[in-house]
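Listed here are the chains, written in short residue letters.
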Amino acid sequence: MPFTKIHPSETSRAIGRSILVLGIAAALLVVSGCGKNVAEEASDSDANGYLCTKCGAKFYTKRSVFLAATCPKCKADALVEVVGYVCQKDNHLTLKGRTNDRSGATACEQCGSPLGGMRLPREKDLKVWGAAPPPN
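Since the model is a prediction, treat every value here as computed from it, not as a measurement.

J.: Please clarify how the overall build of the chain should be interpreted in this entry.
T.: Of the regular secondary structure elements, the chain holds three helices and five strands. Taken from the N to the C terminus, the helices and strands of the chain come in the order α-α-β-β-β-β-β-α. Among the 136 residues that make up the chain, the fraction classed as buried is 27%. For the chain, restricting intrachain contacts to residue pairs at least 6 apart in sequence, the fraction spanning at least 24 positions comes to 48%. Per element, the accessible surface of the chain, about 9700 Å² overall, is 59% carbon and sulfur.

Following this line, the structure appears as structure tokens:
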């Protein structure tokens, strides 16, 4: 077998391409690992929302504070957690009290389009919805 000589400039180009490919692969790996996944984002909130199914009162607390099932306003045992449903068309968040039925909210309260995934509302969402901190 004859031995062929490789020119030094071709070797340096090949090494340079290899380093470039490795750098791009490393950058893609870092970028793809930095974001939250959809499930984590949907279950992440800074507040807990509540709705009284008897009197319609809306409350929110900080994430570390939880209310019992008793409504602070009417004292009925009718307090449920609040969840949000995202509109696929306009990204509006429709808030509803959590129920045992699997249907949840079906149409956007703003445009009437079908709703997509469920996510926990944040404090700013609950305030816009009309919720207030519970009375002391």
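We are not done yet, so read on.
J.: Help me out: how do you make sense of empty space enclosed by the protein in this one?
T.: By rolling a water-sized probe across the atoms, one finds the places where empty space is left. One pass over the full model with this rule turns up one cavity of 30 Å³ or more. Counted as a void, the largest cavity has a volume near 50 Å³. Along the walls of the largest cavity sit Ala 47, Asn 48, Gly 49, Arg 63, Glu 81, Val 82, Leu 120 and Pro 121, which together make up its complete lining. Of all the secondary structure elements, the ones that give two or more residues to the lining of the largest cavity are β1 (47–52) and β3 (79–87). Considering every element that reaches the lining of the largest cavity, the biggest residue donor is β1, with three residues.

J.: Sorry, what's going on with the side chain of Thr 61 here?
T.: Note on placement: Thr 61 falls in strand β2 (residues 58–62). Of the residues examined, Thr 61 reaches a relative accessible area of 7% and is grouped as buried. Only 2.6 Å separates the side chain of Thr 61 from the backbone oxygen of Val 65, close enough to count as a polar contact. Apart from the residues within four sequence positions on either side, Thr 61 is in contact with Asp 46, Ala 47, Asn 48, Tyr 50, Phe 66, Leu 67 and Pro 134.

J.: Mind showing me how you'd approach the packing of aromatic side chains here?
T.: Two numbers describe a pair of aromatic rings. These are the distance of the centres and the angle of the planes. Counted according to the given criterion, the structure contains zero aromatic pairs. Between Lys 58 and the ring centre of Trp 129, over which it is positioned, the NZ or CZ distance is 4.4 Å.

J.: Would you mind showing me how to read the nonpolar core here?
T.: The tendency in soluble globular proteins is for nonpolar side chains to be buried side by side. By size, the foremost hydrophobic cluster in this structure holds nine residues: Ala 47, Leu 51, Tyr 60, Val 82, Leu 93, Leu 95, Leu 126, Trp 129 and Ala 131. At the level of secondary structure, the elements contributing two or more residues to this core comprise β1, β4 (93–97) and α3 (123–129). Excluding residues within four positions of it along the chain, Val 82 makes contact with Gly 49, Tyr 50, Leu 51, Leu 95, Lys 96, Gly 97, Leu 120, Pro 121, Leu 126 and Trp 129. Listed in part, the eight residues of the second largest apolar core include Tyr 50, Cys 52, Ala 76 and Ala 78.

J.: For this particular structure, what's the right way to read the environment of Val 82?
T.: Here Val 82 lies in strand β3. Residues Val 82 and Thr 99, 17 residues apart in the sequence, show an inter-C-alpha distance of 9.2 Å.

J.: In this structure, what is going on with the state of the cysteines? I would like to understand it.
T.: Throughout this description, disulfide means a covalent bond between two cysteine sulfur atoms. Going through the model one piece at a time under the given rule, you end up with zero disulfides. Between Cys 111, a free cysteine, and Cys 87, which holds the nearest cysteine sulfur, the sulfur-to-sulfur gap is 3.7 Å. A relative accessible area of 35% places Cys 111 in the partly exposed class.

Basis of the calculations
Residues numbered from 1 in each chain as written. Predicted model: local features only at pLDDT ≥ 70, side-chain atom pairs only at ≥ 80, totals over all residues. Heavy atoms only, no water. Helix = DSSP H or I, 4+ residues; strand = E, 2+ residues; numbered from the N terminus. Buried < 20%, exposed > 50% of the residue type's maximum accessible area, 1.4 Å probe, protein only. Contact = heavy atoms within 4.5 Å. Areas by Shrake-Rupley, 256 points an atom, 1.4 Å probe, with all protein chains shown as cover. 1 Å grid on protein atoms, 1.4 Å probe; cavity = no way out; pocket = protein on both sides within 12 Å on 5 of 7 lines; lining within 4 Å. Points joined across faces, edges and corners; volume = space filled by probe spheres on them. Polar contact = N/O pair within 3.5 Å; in protein donor to acceptor, adjacent residues only side chain to side chain. Phe/Tyr/Trp six-rings, centres within 6.5 Å; stacked < 30°, edge-to-face > 60°. Lys NZ or Arg CZ within 6 Å of the ring centre and 35° of its normal. Core = buried A, V, L, I, M, F, W, Y, C linked by side-chain atoms within 4.5 Å. Disulfide = S-S within 2.5 Å.

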